[in-house]
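So you can see what is in the structure, the chains are spelled out below.
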Amino acid sequence: MNEVKLFSPATVANVSCGFDVLGFCLDAIGDEMIIRKTVEKGIKITKIEGYDLPFEVEKNVAGVSALALYHDANPDCGFEIEIYKHIKPGSGVGSSAASAAGSVYGMNLLLGSPYSPLELTAFAMKGEALASQCEHADNIAPTLFGGFTLVKSLDPLEVLQIPTPADLFAVVIHPQIEIKTADSRKILPESISLKNAITQWSNVGSLIHGLHTNDYELISRSLNDVVVEPFRSQLIPGFERIKRTALESGALGTGISGSGPSVFNLCKSEATAHKIEQAIRVDYKKQEIPFEIYVSKINLDGIKQIN
Ligand code: ADP
């Protein structure tokens, strides 16, 4: 095998109460990538379609993560990377994570899979660090593991796979505005009150319990964020409108996807997901901001080979 074609999915990080630790994987949107073995040593990005991103290996997250694996494996060959970008960079649904994970996942397959998903996560985090100036895995982990993941710690790196109730669906709306990751970080408080901390960790615990026990009611009551959302939602025009419309149409909960501007809704059943999608589609037009909207199953497999 000298070449692999991949589907590298979009992901939702934070999931309301799980700031910086929780994430889940989407099915309806993702990038495609081709990774090819070459006789010539080194890493090259030979094609990027969809969005304007750097071809320089050190400036592209896919290249940076590829180099991290390459230096560790020291193989007798090189690799070419082609990126077919469908996830808009800066959309808040793990565009950079899809690329960072894709290159290392493909290289690992071509090398005979010497690395575990956790080791691939560590390489991919080096790429993510280029996009967000700090190493984090809350998008990388669901991309590579699929389903819901919890990043228990970064040092040592520990990722927990959380079960996904079979009927859980996501509706993600992406208002076409730009929010700089730096701005969405800057707006956060340095410290939080003990009262809010207690509410937040109670919600994280009960969300995990709800996911384990298929308790949709409990999932719904846990999808609350008293720490980050009150600040970041100010950067997303019409956030409260999306939330109200989604809840009225049967959503279990609504929150900011990653650092925004995308907003995710979780619900039970595909029919409800389409009902929410339609309602948001009609209502958000009043906001007069162009948007994309996706209905997606939770992707249990994560990144996968498609050739
Ligand atoms: P998202 O949450 O959608 O991944 P980020 O702000 O984390 O958005 O990442 C996007 C940033 O990473 C942009 O500045 C973009 O130029 C940079 N970047 C570099 N390489 C890539 C790539 N292959 N895919 C996406 N973004 C990339």
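Refer to the structure above for everything that follows.
Quick notes on the rules
- Residues numbered from 1 in each chain as written.
- Predicted model: local features only at pLDDT ≥ 70, side-chain atom pairs only at ≥ 80, totals over all residues.
- Heavy atoms only, no water.
- Helix = DSSP H or I, 4+ residues; strand = E, 2+ residues; numbered from the N terminus.
- Buried < 20%, exposed > 50% of the residue type's maximum accessible area, 1.4 Å probe, protein only.
- Contact = heavy atoms within 4.5 Å.
- Areas by Shrake-Rupley, 256 points an atom, 1.4 Å probe, with all protein chains shown as cover.
- Lys, Arg positive; Asp, Glu negative; His and termini not counted.
- Charge placed at Lys NZ, Arg CZ, Asp CG, Glu CD.
- Salt bridge = Lys/Arg side-chain N within 4 Å of Asp/Glu carboxyl O.
- Polar contact = N/O pair within 3.5 Å; in protein donor to acceptor, adjacent residues only side chain to side chain.

To continue, consider the overall build of the protein chain. Along its length, the protein chain carries 10 helices and 11 strands. In the protein chain, which comprises 307 residues, the share counted as buried stands at 56%. Excluding contacts between residues fewer than 6 apart, the proportion of contacts in the protein chain whose partners are at least 24 apart in sequence is 74%. Accessible surface computed for the protein chain: about 13,100 Å², of which carbon and sulfur atoms make up 52%. Measuring between centres, the 27 positive side-chain charges of the protein chain sit 4 Å from its 36 negative side-chain charges.

Throughout the structure, instances matching the rule amount to 16 salt bridges. Note that Asp20 is salt-bridged to Arg185, the shortest N-O span being 3.2 Å. Of this pair, Asp20 sits in the loop between β1 (3-13) and β2 (22-38) while Arg185 sits in helix α5 (residues 181-186), and the two are 165 residues apart along the sequence. The exposure class assigned to Asp20 is partly exposed, which follows from its relative accessible area of 28%. Under the relative-accessibility criterion, Arg185 is labelled partly exposed at 37%. One continuous salt-bridge network, built from bridges that share partners, spans Glu3, Arg36, Glu80 and Glu82.

The next point concerns the side chain of Ser233. Following the sequence through the fold, Ser233 ends up in the loop between α8 (229-232) and α9 (239-248). A polar contact is formed between the side chain of Ser233 and the backbone oxygen of Glu229, at a distance of 2.6 Å. Excluding its chain neighbours within four sequence positions, the residues that come into contact with Ser233 are Phe239 and Ile256.

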